[in-house]
Amino acid sequence: ELKVEQNPLFLSMQEGKNYTIYCNYSTTSDRLYWYRQDPGKSLESLFVLLSNGAVKQEGRLMASLDTKARLSTLHITAAVHDLSATYFCAVDMEAGNTPLVFGKGTRLSVIA
Amino acid sequence: ETGVTQTPRHLVMGMTNKKSLKCEQHLGHNAMYWYKQSAKKPLELMFVYNFKEQTENNSVPSRFSPECPNSSHLFLHLHTLQPEDSALYLCASSQEDRHRNSPLHFGNGTRLTVT
């Protein structure tokens, strides 16, 4: 059974600071997704990481994937208040059409 | 209209009521999903339909009954729910092929409260 663990689950950080959210998973996978969810809103796709060593950046967010370590990171650079949201990673098993398995999410609060 | 649309956005129902949630996708995808999002829990996959056939239900209680009349529409029929069924119900769609799926596209969800 594929398990996905995110940490931290809650993160309060000051504007301008850097931080990293971690996503560990338990079985082989070569595809990982990061989603953002604002309160009361839906999940918005941020990144799709398709191979070992993949790195993608959008604004102040950068995501990477290490399939050998079964680890993905979401790095936040110089945080701003608009980044406050819950961030989910979701892992796609290699074998066929299996549904994504989501982590519990990291609730990020950026404060002045 | 584009994307994945869910109605209603909010629903309050008693335990003896019957209601339905509706989802429509305008992305040309061939797979649709219902997820349940409760506080402090990971997203739980409830039902998957691809090519209009249900492929997974993950032991969801029978008080939840899905219906997928075509590849663009998905319903979740609710009856005799319990207070613990209160949650955000999210619909999603994706394009599946023989080998892999595309990313999920989510609707805005229906916030359900069972009283």
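Our subject is the structure listed above.
Note that the structure is predicted; figures quoted are calculated from it, not measured.

Peer 1: Could you clarify how one ought to interpret the environment of A39 of chain B in this entry?
Peer 2: Relative to the elements of secondary structure, A39 of chain B occurs in the loop between β4 (31-37) and β5 (44-50). Residues A39 of chain B and A87 of chain B, 48 residues apart in the sequence, show an inter-C-alpha distance of 7.6 Å.

Peer 1: How should I be thinking about the sheet that holds strand β3 (residues 18-25) of chain B in this particular structure?
Peer 2: The strands making up a sheet associate through backbone hydrogen bonding, with each pair oriented either parallel or antiparallel. Residues and elements named next belong to chain B. Taken together, the four strands give an open sheet; going across it, the order is β1-β3-β8-β7, and neighbouring strands pair in antiparallel fashion. Among the strands making up the open sheet, the edge pair consists of β1 (4-7) and β7 (64-70). On average, each strand axis in the sheet is inclined to that of its neighbour by 20 degrees, with strand direction left out of account. Bridge analysis of β1 against β3 gives four bridges, and the strand direction is antiparallel. Among the inter-strand pairings, V4 is bridged to a residue of β3, identified as Q25.

Peer 1: Please clarify how the pairing of strand β6 (residues 55-58) of chain A should be interpreted in this entry.
Peer 2: On a regular strand, each side chain points to the face opposite its neighbour's, so the side chains alternate between the two faces of the sheet. All names here are of chain A. Both β6 and strand β7 (residues 61-66) contribute to a ladder of four bridges, which runs antiparallel. Looking at the pairing, E58 lines up with L61 of β7. Following β6, the chain reverses through two residues before pairing antiparallel with β7; G59 in that reversal takes a positive phi of roughly 65 degrees.

Peer 1: Please explain the nonpolar core as it appears in this structure.
Peer 2: Membership of the largest hydrophobic core comes to 25 residues, with the highest contact counts inside it found for L32, W34, L74, I76, Y87 and L108 of chain A. Residue contributions to this core peak at four residues, all from strand β9 (residues 85-93) of chain A.

Peer 1: What's the story with the packing of aromatic side chains in this structure? I'm lost.
Peer 2: When we look at a pair of aromatic rings, we describe it by the centre distance and by the angle of the planes. If you walk through the whole model with that rule in mind, you get eight aromatic pairs over all chains. With a centroid separation of 6.0 Å and 75 degrees between ring planes, the pair formed by F102 of chain A and F106 of chain B is classed as edge-to-face. Of this pair, F102 of chain A sits in strand β10 (residues 101-102) while F106 of chain B sits in strand β10 (residues 105-106), each in a different chain. Residues F102 of chain A and F106 of chain B agree in their burial class; the two are buried. Residues F64 of chain B and Y89 of chain B carry aromatic rings whose centres are separated by 5.8 Å and whose planes lie at 35 degrees to one another, so their mutual orientation is tilted. With F64 of chain B in strand β7 and Y89 of chain B in strand β9 (residues 87-94), this pair connects stretches of sequence that are 25 residues apart. Each member of the pair, F64 of chain B as well as Y89 of chain B, carries the same accessibility label: buried. The rings of Y33, Y35 and F102 of chain A together with Y33, Y35 and F106 of chain B are connected pair by pair, giving a single aromatic cluster.

Rules used in this analysis
- Numbers given for residues are sequential positions, taken from 1 along each chain in its written order.
- Chains carry letters and ligands carry numbers; both start at the beginning, A for chains and 1 for ligands, and go up in the order they are written.
- Confidence filtering applies because this is a predicted model: local features only for residues at pLDDT of at least 70, side-chain atom pairs given and counted only at 80 or more, and all residues used for totals across whole chains, interfaces and linings.
- The side-chain figures draw on all heavy atoms in the structure; neither hydrogens nor water molecules are used.
- Where helices and strands are cited, they refer to DSSP runs of H or I of at least four residues and of E of at least two residues respectively, numbered from the N terminus.
- Pairing between two strands requires that DSSP report at least two bridges joining them.
- As a rule, the C-alpha atoms of each element are fitted with a line to give its axis, helices using only the stretch in contact, and angles between N-to-C directions run from 0 to 180 degrees.
- As used here, the term nonpolar core means buried Ala, Val, Leu, Ile, Met, Phe, Trp, Tyr and Cys residues forming a set that is joined through side-chain atoms within 4.5 Å.
- Note on classification: 1.4 Å probe, protein chains only; a residue is buried when its accessible area is under 20% of the maximum for its type, exposed when over 50%, partly exposed between these limits.
- Ring pairs are drawn from Phe, Tyr and Trp, using the six-membered ring of Trp, whenever the two centres fall within 6.5 Å, and their geometry is named by plane angle: stacked under 30 degrees, edge-to-face over 60, tilted for the rest.

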